[in-house]
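As a plain string of letters, each chain reads:
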Amino acid sequence: PGLESIKNVSTQATPGSNKNILIVSQPNVLNGTFESIFNVKIKKNRLINLIHAAHLKNDFDSNLFFRPHPKDQDSFILPNGIKLDKSNKKNIFIKYDIFIGFDSILLFEAHLSGRKSISLELPEIDKIISESIPYNYSLNINNISHLHSAISSKFKGVEQSVFADS
């Protein structure tokens, strides 16, 4: 997938004082719908709405963006306040500070570039995810209520420079 072309951008700050957070979509391929996993309902609310509510509640000094997977259905409706990003992937690691998703190669690439990534390992979603990347590249959370501390943390336990000398 071109991992050798990823450059470390961890020393480059995004423009402005707010952090930019990218929610990285992933399609539900196991049931054949290719609907975004962020559209799955957890306790009667769509996952994307729960993330948005947590973001508003904790008043993060950040902006939320959503990047659909190329195989996602186009009928996905975002909550007000989350901006859609369908831009070219070329400068994605310079544009965003934190990447949120599931077990995604884009999260792995963000880690390699020096950016922070948060993997959602929610019990309600485990049955939809078939395989996982066998490396510790992301901060894992198993409850949306932990999102605030994950975004605010220093990502202890996730070595950001794991591939720096290879």
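Residues numbered from 1 in each chain as written. Predicted model: local features only at pLDDT ≥ 70, side-chain atom pairs only at ≥ 80, totals over all residues. Heavy atoms only, no water.

### Some remarks on helix α3 (residues 105-113)
The following threshold applies: Type-normalised accessible area, obtained with a 1.4 Å probe on protein chains alone, sets the label of each residue: buried when under 20%, exposed when over 50%, and partly exposed for intermediate values. The numbering of helices and of strands both runs from the N terminus, where a helix is a DSSP run of H or I of at least 4 residues and a strand a run of E of at least 2. For the purposes of these results, a polar contact is taken to be a pair of N or O atoms within 3.5 Å, where, inside protein, one atom must be able to donate a hydrogen and its partner to accept one; residues adjacent in sequence count only when each atom of the pair is a side-chain atom.
Taking burial as the measure, the nine residues of α3 include seven buried ones, the bulk of the element. Along α3, the positions that sit buried rather than exposed are L106, L107, F108, E109, A110, H111 and S113. Its side-chain oxygen at 3.1 Å from the backbone nitrogen of L106, S104 defines the N-terminal cap of α3. The first or second residue beyond α3 is G114, which carries a positive phi of 100 degrees.

### Some points on the environment of P134
Mapped onto the secondary structure, P134 falls in the loop between β7 (116-120) and β8 (139-141). Relative accessible area serves as the criterion here: at 68%, P134 is assigned to the exposed category. Taking C-alpha positions, P134 is 9.8 Å from D103, a pair spaced 31 residues apart along the chain.

### Re the pattern of salt bridges
Convention followed: Basic side-chain nitrogens of Lys or Arg form a salt bridge, by our definition, when they fall within 4 Å of a carboxyl oxygen of Asp or Glu.
Tallied over the full model, the rule gives four salt bridges. Across the pair K95 and D85 runs a salt bridge, and its minimum N-O distance is 3.6 Å. With a gap of ten residues between them, K95 in helix α2 (residues 92-95) and D85 in the loop between β5 (82-84) and α2 connect regions that are remote in the sequence. Taking the shortest distance from any N to any O, the salt bridge between D97 and R115 comes out at 3.8 Å. Placement of D97 in the loop between α2 and β6 (98-101) and of R115 in the loop between α3 and β7 is noted, with a sequence separation of 18 residues between them. Like D97, the residue R115 is buried in the burial classification.

### Focus on the packing of aromatic side chains
Rules: Aromatic pairing here means that ring centres of Phe, Tyr or Trp (its six-membered ring) are within 6.5 Å. Orientation follows from the plane angle: under 30 degrees is stacked, over 60 is edge-to-face, and everything else is tilted. Consider the ring centre and the ring normal. A charge sits over the ring if Lys NZ or Arg CZ is within 6 Å of that centre and within 35 degrees of that normal.
Enumeration over the complete set of coordinates arrives at five aromatic pairs. Where F65 meets Y96, the ring centres are 5.1 Å apart and the plane angle is 70 degrees; that geometry is what we call edge-to-face. Remark: Y96 occurs in the loop between α2 and β6 and F65 occurs in strand β4 (residues 62-67); sequence separation between them is 31 residues. Across the pair, Y96 and F65 agree in class, each one buried. With a centroid separation of 5.7 Å and an interplanar angle of 45 degrees, the aromatic rings of F93 and F99 are classed as tilted. Following the ring pairs from residue to residue traces out a cluster consisting of F65, F93, Y96 and F99. Its guanidinium or amino end placed over the ring of F65, K95 lies 5.9 Å from that ring's centre, counting from NZ or CZ.

### Remarks on the sheet that holds β6
Short version of the rule: Note: two strands are recorded as paired if DSSP finds a minimum of 2 bridges between them. To obtain each axis, a line is fitted to C-alpha atoms, and for helices this fit is confined to the stretch in contact; angles are then taken between N-to-C directions over 0 to 180 degrees.
If you trace the six strands from one edge of the open sheet to the other, you get β5-β4-β1-β6-β7-β8, paired in parallel fashion. The open sheet has two free edges, formed respectively by β5 and β8, since each of these has just one partner strand. Here the average twist between neighbouring strands, direction ignored, is 25 degrees. In terms of strand pairing, strand β1 (residues 19-24) meets β6 through three bridges, oriented parallel. Pairing of L22 across the sheet is with F99, part of β6.

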